[in-house]
Amino acid sequence: MNARTLTALARWHLGRLATFDALAACALGFLLGTLCAWSPFGERTAAALVALSGAVFAIAFASSPGAVRSARSLFLFSAPLYGRELARGLAIAPGLLAALFPLAACAGWSLERQTHLSSWLLPVMCALVASLIALSATLRETWRAALYRALALCAAAGLAALSLLSRDDAASHVAVALLALPLGFFALRAFGETLARYDPVTEF
Amino acid sequence: MTVLRIVRANFVRAGEELVAPFDLDLRCGERATHFSADARAAALTARIAAAVVKPTTGSAYVADFDTRLQAAQAKRCVAFVPANESEPGNFARALDFYAAAFDLERGETLRRAGEVTAVLGHGLYARNAALALCHETSLIVLERPAPGVVETLALLRPRAAILCSHVAPGNLETLAGERAVEALR
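Residues numbered from 1 in each chain as written. Chains lettered and ligands numbered in written order. Predicted model: local features only at pLDDT ≥ 70, side-chain atom pairs only at ≥ 80, totals over all residues.

(A) A look at the sheet that holds strand β5 (residues 65-66) of chain B. Residues and elements named next belong to chain B. The 4 strands lie next to each other as β2-β1-β4-β5, forming an open sheet whose pairing is antiparallel. Edge strands, defined here as strands with exactly one partner in the open sheet, are β2 (16-27) and β5. Pairing between strand β1 (residues 2-13) and β2: 8 bridges, direction antiparallel. Residue pairing in the sheet places Arg-13 in a bridge with Glu-16 of β2. Each of β1, β2 and β4 (57-62) touches helix α1 (residues 39-49); the most contacted strand, β2, lies at about 50° to it. (Pairing = 2+ DSSP bridges. Helix = DSSP H or I, 4+ residues; strand = E, 2+ residues; numbered from the N terminus. Contact = placed C-beta atoms within 7 Å. Axes fitted to C-alpha atoms, helices over the stretch in contact; angles between N-to-C directions.)

Spelled out as structure tokens, the structure:
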């Protein structure tokens, strides 16, 4: 799969996801960041709170009707691509939308208080991981889909808890955020496997 | 040259046999209609032939590519037009994606899609057909096409084999020059 296919798939997918939801995520993220800045919370606690809220938004984006319809589209399964290639293309748009919430929260925080960018790496990574894990729920039904969404939330909560328990310095923040990389990698692989095995017959 | 060979392919979901085992052979330039007992079986039959759905047992080969093991290669040789597929979204972006996926120039896909919409119009089925036929293909699979679509596409792509999947009418009737495969359910 070349970059042109990846970009074209991401553009098509982004066009099908709700723009209003993205704007709402930005506004709410900014509001939460500002509220945290006014509260007595430290930056690390605020970042952990934003990480959890961001994960919820990421799961909501990845499970939205538009995302589910896109992931199950016959149009997509008629294209000569492997499951892992489709997974990469389909992960970009929800990932971008998921990252909007923590970035907006960081912007809201930085208007009022001093900001250390390393602290805000964790919420972004949490949102991405939650989004990637929740994507596997788009091709599943009932309790199986709910299980993947719960798993996404647990992964984000685990990373947020780890950041609160670790030392409060830049190196620790970055180290905890980087723990999200293997989680995201395995989540993307799992989504690719799910797409490869999926038979689009669910409308019956 | 055989472009589609289906050997005892069926489809089972949750213990229910949705498509009974069937065989099919189709060569370049041929046309065939497969009749199924209901719309679900008709749709699944078309999707099995188009390498979109993997048969539970048996095999399907498109241009000698096994659709279970070499689905991506098989899909390069098929143009699949679904019947009730939801709108694929922005048509231009969808066409861009297909152009990229099939390694084609954008202008070329636009020209081919334009040929189809010029004869079929701009309805949902025509747009789906235009997307599917934006690349050079040896097999066209149509899921429950409207009357006249097959003849039009046969004129447009005379060398391609065309498979239609339909729900069986009360008495099976075949169109002149076509081979019909009876419903096996």
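After presenting the structure, the write-up continues.
(B) View of the interface of chain B and chain A. Listed by partner, the interface residues are 27 residues for chain B and 22 residues for chain A. Those elements giving two or more residues to the side of chain B that touches chain A turn out to be α1, α2 (71-76), α3 (91-101) and α5 (124-132) of chain B. The element contributing the most residues to the side of chain B that touches chain A is α3(B), with 7 residues. Here the residues of the side of chain B that touches chain A sort into 16 nonpolar, 3 polar and 8 charged. (Nonpolar A, V, L, I, M, F, W, Y, C, P; charged D, E, K, R; others polar.)

(C) Fine view of the confidence of the model for chain B. On average, chain B scores 84 in pLDDT, and the residues at 70 or more come to 89%. On the interface metric, ipTM, the complex scores 0.84, and its pTM is 0.87. (pLDDT = per-residue confidence, 0-100.)

(D) Focus on unusual backbone geometry. All names here are of chain B. For Arg-8, which is not a glycine, the phi torsion comes out positive at approximately 50°. One can find Arg-8 in strand β1. With 12 C-beta atoms counted inside 10 Å, the residue Arg-8 sits in the exposed group. (Buried ≥ 20, exposed ≤ 12 C-beta atoms within 10 Å, placed from the backbone.)

(E) Layout of the nonpolar core. Residue and element names in this part refer to chain A. Cys-126, Val-129 and Ala-130 are the most contacted members of the largest nonpolar core, which totals 130 residues. When residues of this core are assigned to their parent elements, the largest contribution, 15 residues, is made by helix α6 (residues 83-112). Beyond its immediate stretch of four places on either side in the chain, Cys-126 contacts Ala-51, Gly-54, Ala-55, Ala-156, Leu-159, Ala-160 and Ala-180. (Core = buried A, V, L, I, M, F, W, Y, C linked by C-beta atoms within 7 Å.)

(F) Structural context of helix α4 (residues 106-120) of chain B. Residues and elements named next belong to chain B. Here α4 contains 15 residues, and its C-alpha end-to-end distance of 21 Å stays within 8% of the 21 Å for a straight helix at 1.5 Å per residue. For α4, the set of buried residues is Thr-109, Arg-112, Ala-113, Val-116 and Leu-120. Seen from one end, α4 has its buried residues packed into an arc of 95°, which puts them on one side. Among the exposed residues of α4, those pointing more than 90 degrees away from its buried face are Gly-107, Arg-111, Gly-114 and Ala-118. Buried residues in α4 make contact with α3, α5 and α6 (149-156). Looking one or two places after α4, you find Gly-121, whose phi comes out positive at around 90°. (Expected span 1.5 Å × (residues − 1). Arc of directions from axis to C-beta.)

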